[in-house]
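Structural features, examined
Each chain, written out:
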Amino acid sequence: MSGIADVPPAIELIGIEKRFGPVHANKNIHMKVQKGTIHGIIGENGAGKSTLMSILYGFYLADAGEIRIDGAAVRLHNSQEAIAAGIGMVHQHFMLVEPFTVLENVMLGAEEGALLKQSIAKARIELKRLEDDYDLRVDPDAIVGDLPVGLQQRVEILKALFRGAEILILDEPTGVLTPSEADHLFRILRVLREQGKTIILITHKLREIMAVTDAVSVMRRGEIVATLATADTSLERLAELMVGRRVLLQVEKGDAAPMQTALSVQNLTVVDDRGVTVVDDISFNVRRGEIVGIAGVAGNGQSELLEVLAGIRPATSGTIELDGETIKGATAAGLRDRRLAHVPEDRHRMGLVVPFEENENAILGYQDDPAYGSGPFLDIAGIRDHAARQMQQYDIRPPNPRLRTSMFSGGNQQKIVLAREIERDPIVLLVGQPTRGVDIGAIEFIHKRLIELRDAGKAILLVSVELDEIRSLSDRILVMFAGKIVGETVPEASEQDLGMMMAGIELGVS
Amino acid sequence: MPGQLPRWADYVLLPAINVLAAFFVSGLVVLMIGEDPIEAVRILLWGSLGFGEGVGFTLFYATNFIFTGLAVAVAVHCGLFNIGGEGQAYFAGLGVAIACLSMDHLSWWLTFPVALAGAMAFGAFWALIPAYLQARRGSHIVITTIMFNFIASALMVYLLVEVLSPASSMQPESRTFEAGGRLPLARDLLPGLNLGQAPLNLSFLVALVAAVAVYVLIWRTRLGYEIRTVGTSPDAANYAGISSSKLIMITMLISGGLAGLMGINEIMGSQNRLVLEFTAGYGFVGIAVALMGRSHPVGVIFAAILFGMLYQGGAELAFEKPDITRDMIIVIQGLVILFAGALEHMFKPALIRVLAPAKTPLALDPAE
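Residues numbered from 1 in each chain as written. Chains lettered and ligands numbered in written order. Predicted model: local features only at pLDDT ≥ 70, side-chain atom pairs only at ≥ 80, totals over all residues.

Looking now at the overall build of chain B. Within chain B, the regular secondary structure consists of 16 helices and 0 strands. For chain B, whose C-alpha radius of gyration is 21 Å, the value lies close to the compact-globule estimate of 21 Å for 368 residues. Projected onto its principal axes, the C-alpha positions of chain B cover 75 × 55 × 35 Å. By residue count, 51% of the 368 residues in chain B fall in the buried class. In chain B, the share of contacts with a sequence separation of at least 24, taken over all contacts with a separation of at least 6, comes to 78%. (Helix = DSSP H or I, 4+ residues; strand = E, 2+ residues; numbered from the N terminus. Rg over C-alpha atoms; globule rule 2.2 N^0.38 Å. Buried ≥ 20, exposed ≤ 12 C-beta atoms within 10 Å, placed from the backbone. Contact = placed C-beta atoms within 7 Å.)

Here you go:
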């Protein structure tokens, strides 16, 4: 660590301020990131991480304050200026043209002249050099859309390096990766650090911070509440700083007392529109009073399985029984009547009509219920009263049923969905990614509710890509890979074993 | 998703700004051809609102626009862009004419409900095939409804020349209806208003009732809730067990029926015979009316009255100022459509910055 005192920090933020009307998104931010280090930024949703990074990447101009890159003050008006200043960004959602090759994607926007031939040749040489220097192997002629996500992310990193990035910002980079892919990414980040690059890692996963960063800044309500050397801190301490109080990372739950089978799936196969078998001959049961978790890397058929069970997508073959009666072919509306509730994986796309008022979303899927009106008419006042009561009961804030749903935070939006789905006292509850994009306080609330529902005798099927969530909630874990159930295991199974199963490796009896 | 304005700004302020901008540019055009824009506005306002007959004509045109505007608005709530209001209204004229031709020896109030039903049924029928093709085959409703406008046009020429035109006549039009095929005119019922020759008739009240019915449908019924869900988020509709294809069919039938009601105003209320091209582009203007009225029935009524004023006041203006020709009026109407329709979001970002800046970061938060 010698010499740091004389080298100016790669990034220095001095008194950054950003307001959006009454919302103070960034308050007097001071931060130094030393050259050649990996600096983590953690914080709950809405803590101001994204705003701060947007300022650093030129999307917003700070109201006050100064950005210094290598000691020199800069003003970044757009992302081109940020790139010119040596800042590269790897977005959470990749910015790639899928039908293009790796090479075409890397040079996109950086091509010189009207004819491509020369710049392609130049880019190919440069790409080769980058691959060698940083051990970032990708076939330059592969079509990006054909690559697995881990490699697509590598292309994003190459894009930034190709543009001469000295500082790399990664926004939630591991959300879509398997544990082993994430490990690989961390190895790449360490190589980049050795080569003198500076890396900012934005994440909400505390483990990643502990695993890979040198220093970490914790943000809360627009402020940096602490910057610590990673070696001097702990998971619990970081969680506490993030939320501002002590949190339970582990859900407290007693043993399950499973009763009779509520949901039974036999030899279920689903072929999608493209003719791909996305769910391949799956069989399992969920009993009343237990939570069965389905673990797996995103895109291995879990989403389709959940949609078929919820009646949104047709099954190709196999049987599905609810309380002993077949429900294959039943519609989503029909299944609701038979007390099967569904908290979908993507609340923005499916679980909510985001531009609607809150009270309107509180009846989505139940709009035909006699309780909400008479004949063809809706009882608007009654629906609003009902929503207001529900908001009280589930602590949905702000408690205004007429507010547009887009105005609620992720955690509160998820509570709106959850409240609606569990209010009808379902027999079976299908839950997909219940805490994706949800802040820690709401995660605690949602997890507790799910355990309570289990204890009240509901059969719960939980699909999540968050291994921690699966392990802390489930009574049994099924692991899916490439549309098949690779195996069943217990929540106490080691992370290595689970990771192997998620990569498709069948283990012996666990 | 863009940031959101308070409702009043979205429904009132933004359209008002758009109209003012359109008038400002129109004023520049008037200035360019060497006329006084202030004088032109004065004539336009006086011509449309300044005397009984002017008001009568303004409201008569507005009646057409309310129907076609509501038709577009209902479809918009289901995420459909029904460009076929013109053809649906045109074909609906046939339904009205059949009712009137066969019942005009009776009293008008006996003919009226049959003509209403005929207008709606024929208008809905003309939307049925495009709706089916969209719902079941995914053929884009914009393309199919445009094509159906042409089909309606050709079909009506054939019918008027070969079938409906009386043997003794060379005109491509049906015979004139007897009293039983004519709606009561406001000028006869309310002579005190000095409506002159204005053909304002009972259809205006029908239009207002239709606007209320659309409001109730969209915001107070289960069907309207489902329409809006399909229109806003087809995936959420699917999740909620709502059949998008069924809703597309139902909505387009309602939309076509509303467009069809325009035939009542023109055929039974004013022309009293079926004539070629009686729709005269009102169906297309309905698109601008719906856009400007933010697809809300109240907005549609106000936008329809504005376009009624442009039609009537424009005619007066062309009459008073020979330099400002009929074509100039069309230019002005075009500018209003441009600003209220095509450029409807032009002032929105600025307005959001002024009125609702706090709400932008929430919507832009990439973590969501």
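In terms of helices and strands, chain A carries 17 helices and 22 strands. C-alpha atoms of chain A, sized along the principal axes, occupy 70 × 50 × 50 Å. Sequence-distant contacts, at least 24 apart, represent 67% of the contacts inside chain A between residues at least 6 apart.

Our next topic: the domain arrangement of chain A. Residue and element names in this part refer to chain A. Assigned domains within chain A: domain 1 (11–243) and domain 2 (261–351 + 426–502). Just the C-alpha atoms count here: the centres of domain 1 and domain 2 sit 33 Å apart. Residue-level contacts link 9 residues of domain 1 with 8 residues of domain 2. Of all the elements in the fold, those that place two or more residues in the side of domain 1 that touches domain 2 are helix H6 (179–194) and helix H8 (235–243). Among the elements that make up the side of domain 1 that touches domain 2, the one with the highest residue count is H8 (3 residues). Here the residues of the side of domain 1 that touches domain 2 sort into 5 nonpolar, 3 polar and 1 charged. (Domains from an automatic or database assignment. Nonpolar A, V, L, I, M, F, W, Y, C, P; charged D, E, K, R; others polar.)

It is characteristic of soluble globular proteins that their nonpolar side chains tend to be buried jointly. Counting residues in each nonpolar core, the largest one holds 257 residues, and the members touching the most others are A:Val479 and B:Leu70. A per-element tally of this core places helix H3 (residues 52–77) of chain B first, with 15 residues. Not counting the four nearest positions on each side in its chain, A:Val479 is found in contact with A:Ala295, A:Gly296, A:Ile485, A:Val486, A:Gly487, A:Thr489, A:Leu498, A:Met501 and A:Met502. (Core = buried A, V, L, I, M, F, W, Y, C linked by C-beta atoms within 7 Å.)

A word on the sheet that holds strand S1 (residues 11–20) of chain A. Residue and element names in this part refer to chain A. Spatially, the 4 strands line up as an open sheet ordered S2-S1-S4-S5, and their pairing is antiparallel. Either end of the sheet is taken by a strand with one partner, and the two such strands are strand S2 (23–33) and strand S5 (72–74). Taking each pair of neighbouring strands and ignoring which way they run, the sheet shows an average axis angle of 30°. (Pairing = 2+ DSSP bridges. Axes fitted to C-alpha atoms, helices over the stretch in contact; angles between N-to-C directions.)

Looking now at the sheet that holds strand S12 (residues 277–287) of chain A. Residues and elements named next belong to chain A. Reading across the sheet, the 4 strands line up as S12-S11-S14-S15 and stay open at both edges, with antiparallel pairing between neighbours. Edge positions in the open sheet fall to S12 and strand S15 (325–326), since each of these has one partner strand only. With 7 bridges joining them, strand S11 (residues 261–271) and S12 adopt antiparallel strand pairing. Each bridged residue has a counterpart across the sheet, and for Val271 the counterpart in S12 is Thr277. Across the face of the sheet, helix H9 (residues 302–309) comes into contact with S11, S12 and strand S14 (317–322) while running at roughly 60° to S12.

All names here are of chain A. If you trace the backbone, Gly150 turns up in helix H5 (residues 149–162). For the pair Gly150 and Glu181, spaced 31 residues apart in sequence, the C-alpha separation works out to 6.1 Å. With residues up to four places along the chain from it excluded, the contact list for Gly150 reads Leu177, Glu181 and His184.

Residues and elements named next belong to chain A. A two-sided burial pattern is seen for strand S6 (residues 87–90), the buried positions comprising Ile87 and Met89 on one face and Gly88 and Val90 on the other. Inspection of the sheet shows S6 paired to strand S7 (residues 167–171) by 4 bridges, in the parallel sense. Along S7, the bridge assignment pairs Met89 with Ile169.

Another point: the packing of helix H5 (residues 108–137) of chain B against helix H11 (residues 244–271) of chain B. Residues and elements named next belong to chain B. Here H5 crosses H11 at 145°, and the two axes come no closer than 6 Å. Regarding H5 and H11, the two cross each other, and that crossing is right-handed. In the contact of H5 with H11, the residues fall into 21 nonpolar, 8 polar and 1 charged. (Left-handed = near helix turned anticlockwise from the far one by under 90°.)

Okay, H11(B) next. All names here are of chain B. The end-to-end C-alpha separation of H11 is 39 Å, in line with the 40 Å expected for 28 residues at 1.5 Å each. Of all the 28 residues making up H11, 22 are buried; the element is thus mostly covered by neighbouring parts of the structure. In the stretch just after H11, Asn272 is the one whose phi turns positive, near 60°. (Expected span 1.5 Å × (residues − 1).)

All names here are of chain B. Closest axis-to-axis distance for the H5/helix H6 (residues 141–164) pair is 9 Å, and the angle between their directions is 155°. Taken together, H5 and H6 sit at an angle that is classed as roughly antiparallel. Every pair of crossing elements has a handedness; the one defined by H5 and H6 is right-handed. Within the contact between the two elements, H5 uses Trp126, Pro130, Leu133 and Gln134 and H6 uses Ile141, Thr144, Thr145, Phe148 and Ala152. For the contact of H5 with H6, a count of residues per class yields 6 nonpolar, 3 polar and no charged. (Parallel < 35°, antiparallel > 145°, perpendicular 65-115°, else oblique.)

Quick look at unusual backbone geometry now. Residues and elements named next belong to chain A. Of note, the bond from Arg397 into Pro398 is cis; its omega dihedral lies within 30 degrees of zero at -5°. With respect to the helices, strands and loops of the structure, Pro398 is situated in the loop between helix H13 (380–393) and helix H14 (410–422). Phi at Asp425 is positive, roughly 55°, even though this residue is not glycine. By the C-beta count within 10 Å, which is 10 here, Asp425 ends up exposed. The backbone of Ala482 sits at a positive phi, close to 50°, despite the residue not being glycine. Here Ala482 shows up in the loop between strand S21 (476–481) and strand S22 (484–489).

Turning our attention to the environment of B:Leu338. Residue and element names in this part refer to chain B. With respect to the helices and strands, the residue Leu338 is situated in helix H14 (residues 326–342). The class of Leu338 is partly exposed, set by 17 C-beta atoms lying within 10 Å. Beyond its immediate stretch of four places on either side in the chain, Leu338 contacts Ala22 and Leu343.

Moving on: the confidence of the model for chain B. Summary statistics for chain B give a mean pLDDT of 90 and a share of 95% for residues scoring 70 or more. Long-range and interchain partners of residues 358–368 of chain B, a stretch whose pLDDT sits below 50, account for 28 contacts in this model, where long-range means more than four residues apart. (pLDDT = per-residue confidence, 0-100.)

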